[in-house]
Amino acid sequence: MPPSPPPADRAALGREKLAARAHRASSLRRRVVAGALASFALAWGVIAFNGPMGVTTDTTTTASTQAATSSTEDATTEDSTTDDSSAAEVTTAQL
Amino acid sequence: MSTLAIALGEHFFWITSRAAGVAALLASSAAVTLGLLMGGRMLKGRLPDLRVTHEALSLATIAALLVHALALLGDGYLSPSLADITIPFVSSSARFWTGLGIVAGWGLIILGVSYYARARIGVARWRRLHRFTALAWILGVVHGIG
């Protein structure tokens, strides 16, 4: 059985162990806080990029573009029965 | 860039709330998983370190939940009242899912903070109560999906 260290050494050893544990705990807390902040920032960026209500921005833009295109086409088709100058006017006005 | 500019304007609080909700969901998932693994003696690490991590994750969850709820107060579109974000099933917007989230949020906050009163509650009773955290977390996940 190894000889036990004198009381003064044991106290110093205990203090060292407590200090090491406190240091480890503080490092773990810092890592958790950093992870939480990073996930918040990442989520913020993704939501802001995709649009606040989900991936709707692109769809809306595409849908409105398609609608504008089709209405322009309709107008052009309708006006093809009339003379060419009025068809050109409608198409230009809708653009 | 223009999307970000718009986001910084009228949608700032809404995006902040949703991002905080995501952060709360991630932190609570990690905290609950760690807690279950610790309780089931399935982790062979240093118990004090695991406990510190579990506690830090729980506090991060509570902080994120507070931001998730309070940021909504600044949203100009929904403009909810304090009652809408604190009392379950009062909000007129998505009443069921919001109500579920409020119940989950209160559950996670109360059960998390009760750790600091476990001597008063009684350790055995607190341990039994603490198991309901997993249920509150499941409600939170359902709220997130809804």
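Residues numbered from 1 in each chain as written. Chains lettered and ligands numbered in written order. Predicted model: local features only at pLDDT ≥ 70, side-chain atom pairs only at ≥ 80, totals over all residues.

Q: Could you give an account of the overall build of chain A, naming the residues involved and the relevant values?
A: Across its full length, chain A carries 3 helices and 0 strands. Mapped from its N terminus to its C terminus, chain A presents α and β elements in the order α-α-α. When burial is assessed residue by residue, chain A has 9% of its 95 residues classed as buried. (Helix = DSSP H or I, 4+ residues; strand = E, 2+ residues; numbered from the N terminus. Buried ≥ 20, exposed ≤ 12 C-beta atoms within 10 Å, placed from the backbone.)

Q: Account for the overall build of chain B, with residues named and values stated.
A: In terms of helices and strands, chain B carries 8 helices and 0 strands. Ordered by position from the N terminus, the helices and strands of chain B form the series α-α-α-α-α-α-α-α. With respect to the principal axes defined by its C-alpha atoms, chain B has extents near 50 × 35 × 25 Å. When burial is assessed residue by residue, chain B has 35% of its 146 residues classed as buried. Expressed as a percentage of contacts within chain B between residues at least 6 apart in sequence, the contacts between residues at least 24 apart total 67%. (Contact = placed C-beta atoms within 7 Å.)

Q: Mind laying out the packing of helix α2 (residues 12–39) of chain B against helix α3 (residues 47–70) of chain B, listing which residues take part and the relevant values?
A: All names here are of chain B. At their nearest, the axes of α2 and α3 sit 8 Å apart, and the two run at 155° to each other. The angle between α2 and α3 falls in the class roughly antiparallel. Viewed along their axes, α2 and α3 form a crossing whose handedness is left-handed. A class-by-class count of the residues in the contact of α2 with α3 yields 14 nonpolar, 10 polar and no charged. (Axes fitted to C-alpha atoms, helices over the stretch in contact; angles between N-to-C directions. Parallel < 35°, antiparallel > 145°, perpendicular 65-115°, else oblique. Left-handed = near helix turned anticlockwise from the far one by under 90°. Nonpolar A, V, L, I, M, F, W, Y, C, P; charged D, E, K, R; others polar.)

Q: Could you give me a rundown of helix α5 (residues 95–113) of chain B, with the residues and numbers involved?
A: All names here are of chain B. Here α5 is 19 residues long and its end C-alpha atoms lie 27 Å apart, about the 27 Å a rise of 1.5 Å per residue gives. Of the positions making up α5, those classed as buried are Thr98, Gly101, Ile102, Ala104, Gly105, Leu108, Leu111 and Gly112. Close packing links the buried residues of α5 with α2, α3, α4 (82–86), α7 (123–130) and α8 (132–145). (Expected span 1.5 Å × (residues − 1).)

Q: Before we move on, can you summarise the interface of chain B and chain A with the specific residues and values?
A: The interface of chain B with chain A comprises 22 residues on the first partner and 18 residues on the second. Mapped onto the side of chain B that touches chain A, the elements with two or more residues apiece are α1 (2–8), α2 and α3 of chain B. At 10 residues, the largest contribution of residues to the side of chain B that touches chain A is made by α2(B). Along the lines of polarity and charge, the residues of the side of chain B that touches chain A split into 16 nonpolar, 4 polar and 2 charged.

Q: Could you give an account of the nonpolar core, naming the residues involved and the relevant values?
A: Ala23(B), Ala27(B) and Ala64(B) are the most contacted members of the largest nonpolar core, which totals 35 residues. Looking at this core, the elements that each hand over two or more residues are α1 (7–50) of chain A together with α2, α3, α5 and α8 of chain B. It is α2(B) that contributes the most residues to this core, 12 residues altogether. Dropping the residues within four chain positions of it, Ala23(B) is found in contact with Ala36(A), Ser39(A), Phe40(A), Ala43(A) and Ala64(B). (Core = buried A, V, L, I, M, F, W, Y, C linked by C-beta atoms within 7 Å.)

Q: So what's going on with the environment of Gly140(B)? Which residues, and what values?
A: Mapping Gly140(B) onto the fold places it in helix α8. On the basis of neighbour count, Gly140(B) is assigned to the buried category, with 25 C-beta atoms found within 10 Å.

Q: A description of the environment of Gly74(B) should follow, citing residues and the corresponding values.
A: Position of Gly74(B) relative to the elements: it lies in the loop between α3 and α4. Residues Gly74(B) and Trp137(B) lie 63 residues apart in sequence; the distance between their C-alpha atoms is 26 Å.

Q: Give a description of the packing of α5(B) against α8(B) that names residues and reports values.
A: All names here are of chain B. Running from amino to carboxyl end, α5 crosses α8 at an angle of 150°, the nearest separation of the two axes being 8 Å. When the interaxial angle is binned, α5 and α8 end up roughly antiparallel. Like other packed secondary-structure pairs, α5 and α8 cross with a definite hand, here left-handed. Along its contact with α5, which presents Trp97, Leu100, Gly101, Val103, Ala104, Gly107, Leu108 and Leu111, the element α8 presents Phe132, Thr133, Ala136, Trp137, Leu139, Gly140, Val142 and His143. Of the residues that constitute the contact of α5 with α8, the class distribution is 11 nonpolar, 5 polar and no charged.

Q: Outline unusual backbone geometry, supporting the account with residue identities and numerical values.
A: Residues other than glycine predominantly adopt negative phi, and peptide bonds predominantly adopt the trans conformation. Non-glycine residue Phe89(B) carries a positive phi angle of around 60°. Within the secondary structure, Phe89(B) is located in the loop between α4 and α5.

Q: So, the confidence of the model for chain B: which residues are in play, and what are the values?
A: With 94% of its residues at a pLDDT of 70 or more, chain B has an overall mean of 88. Across the whole predicted complex the pTM is 0.73, and at the interface the ipTM reaches 0.84. (pLDDT = per-residue confidence, 0-100.)

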